[in-house]
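Listed below are the residues making up each chain.
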Amino acid sequence: MILNKKNIYALKSNKEVVKFVSQHPDAIGITGFAWLNDPDADYKDAVEKVKVMSVKDEASKAAPNQYFSPSQTTFALKQYPLRRGLYIINCTGREGLGMSFAHFMVSDRGQRIILRSGLLPDSIPGREIKITHTY
């Protein structure tokens with residue numbers, strides 16, 4: 001789909017954005033970090049041709065002239081300016097499938113899924129390592 005503005009395009013999916021940018025070296029695309037961090041096999045080759053652009057937040061008092069790439073670290077330190085939060089809102093007023101999903105997402109296992117996807121979980125899951133040695 002082409003918009004009214006010259007050289008501005010809206011595509012149907014994030015995969016199409018990644019593929020378009022990989023085929024047009026002068027193009028800039030906007031997509032979620034997870035689409036580039038852990039791509040599916042059908043567009044993995046396209047992701048390897050895409051460069052992630054660093055951005056700066058001129059309104060930042062801590063680092064107004066520094067550029068940051070999206071990563072779990074820059075999300076956690078609130079340095080990357082194009083980050084956003086994810087909220088789960090229950091409008092049903094009762095327990096059900098929606099609340100069960102919300103409980104799963106805030107559980108240790110749900111937070112691990114978010115962490116492995118390259119995003120920043122609300123709480124970093126703990127990790128216990130048992131070391132046993134024999135003589």
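Everything here concerns the structure above.
The rules behind the values
Residues numbered from 1 in each chain as written. Predicted model: local features only at pLDDT ≥ 70, side-chain atom pairs only at ≥ 80, totals over all residues. Heavy atoms only, no water. Helix = DSSP H or I, 4+ residues; strand = E, 2+ residues; numbered from the N terminus. Rg over C-alpha atoms; globule rule 2.2 N^0.38 Å. Buried < 20%, exposed > 50% of the residue type's maximum accessible area, 1.4 Å probe, protein only. Contact = heavy atoms within 4.5 Å. Areas by Shrake-Rupley, 256 points an atom, 1.4 Å probe, with all protein chains shown as cover. Phe/Tyr/Trp six-rings, centres within 6.5 Å; stacked < 30°, edge-to-face > 60°. Patch = residues over 30% accessible without salt bridge, like charges linked within 9 Å, V, L, I, M, F, W, Y side chains within 5 Å. Salt bridge = Lys/Arg side-chain N within 4 Å of Asp/Glu carboxyl O. Core = buried A, V, L, I, M, F, W, Y, C linked by side-chain atoms within 4.5 Å. Arc of directions from axis to C-beta.

> Before we go on, may I ask you to explain the overall build of the protein in this structure?
From N to C terminus, the protein includes six helices and two strands. Taking 135 residues into account, the globule formula puts the C-alpha radius of gyration at 14 Å, and the protein, at 19 Å, lies well above it. With the principal axes as the frame, the protein shows a C-alpha extent of 65 × 50 × 40 Å. Taken across its 135 residues, the protein has 19% of its residues classed as buried. Taking contacts inside the protein between residues at least 6 apart in sequence as the whole, the part at least 24 apart equals 33%. Summing over all exposed atoms, the protein offers an accessible surface of approximately 11500 Å²; the carbon and sulfur share of this is 54%.

> Where do I start with the packing of aromatic side chains in this structure?
How two aromatic rings sit relative to each other is set out by the distance from centre to centre and by the angle between their planes. Overall, the coordinates contain four aromatic pairs when judged by the stated rule. Ring geometry for Tyr9 and Phe20: centres 5.8 Å apart, planes at 50°, overall tilted. With Tyr9 in the segment before α1 (14-23) and Phe20 in helix α1, this pair connects stretches of sequence that are eleven residues apart. On the basis of relative accessible area, Tyr9 is assigned to the partly exposed category, the value being 44%. Seen in terms of ring centroids, Trp35 and Tyr43 are 6.2 Å apart; in terms of plane orientation they differ by 45°. Their pairing is tilted.

> Got a minute to help me understand a nonpolar patch on the surface in this structure?
Taken together, the side chains of Ile88, Phe101, Phe104 and Ile113 make up a nonpolar region of the molecular surface, amounting to roughly 370 Å² of accessible area. Relative to the helices and strands, Ile88 is located in the loop between α4 (72-76) and α5 (97-106).

> Explain the nonpolar core here, please?
Side chains of nonpolar character tend, in soluble globular proteins, to be buried together. Residues Val17, Val18, Val21, Tyr43, Ala46, Val47 and Val50 constitute the largest nonpolar core, which totals seven residues. Counting residues per element, this core draws most heavily on α1, at three residues. If we ignore the near neighbours within four places in the chain, the residues touching Tyr43 are Lys15, Val18, Lys19 and Trp35.

> What is the right way to read the side chain of Thr74 from this model?
As for its position among the elements, Thr74 is in helix α4. What Thr74 contacts, discounting residues up to four positions off in sequence, is Phe68, Ser69, Gln79 and Tyr80.

> Mind showing me how you'd approach the pattern of salt bridges here?
Any two side chains of opposite charge can pair, so long as their charged atoms come close to each other. Taken as a whole, this structure holds four salt bridges when the rule is applied. For the salt bridge of Lys15 with Asp42, the shortest nitrogen-to-oxygen distance reads 3.1 Å. One end of the pair, Lys15, is in helix α1; the other, Asp42, is in the loop between α2 (33-37) and α3 (44-48), and 27 residues separate them in sequence. On the basis of relative accessible area, Lys15 is assigned to the partly exposed category, the value being 23%. Here Asp42 falls in the partly exposed class, since its relative accessible area comes to 46%. When the shortest N-O distance is used, the salt bridge between Lys56 and Glu58 registers 3.7 Å.

> It is not clear to me how unusual backbone geometry should be interpreted in this structure. Could you clarify?
A negative phi angle characterises most non-glycine residues, just as the trans form characterises most peptide bonds. Even without being glycine, Lys78 reaches a positive phi, approximately 55°. Relative to the elements of secondary structure, Lys78 occurs in the loop between α4 and α5.

> Please explain helix α6 (residues 108-116) as it appears in this structure.
Because the α-helix completes a turn every 3.6 residues, residues three or four places apart line up on one side. Of all the residues in α6, the buried ones are Gly110, Gln111 and Ile114. With its buried residues spanning 95° around the axis, α6 presents them on a single face. Across α6 from its buried face, at more than 90 degrees, point the exposed residues Arg109 and Arg116. The first or second residue beyond α6 is Gly118, which carries a positive phi of 95°.

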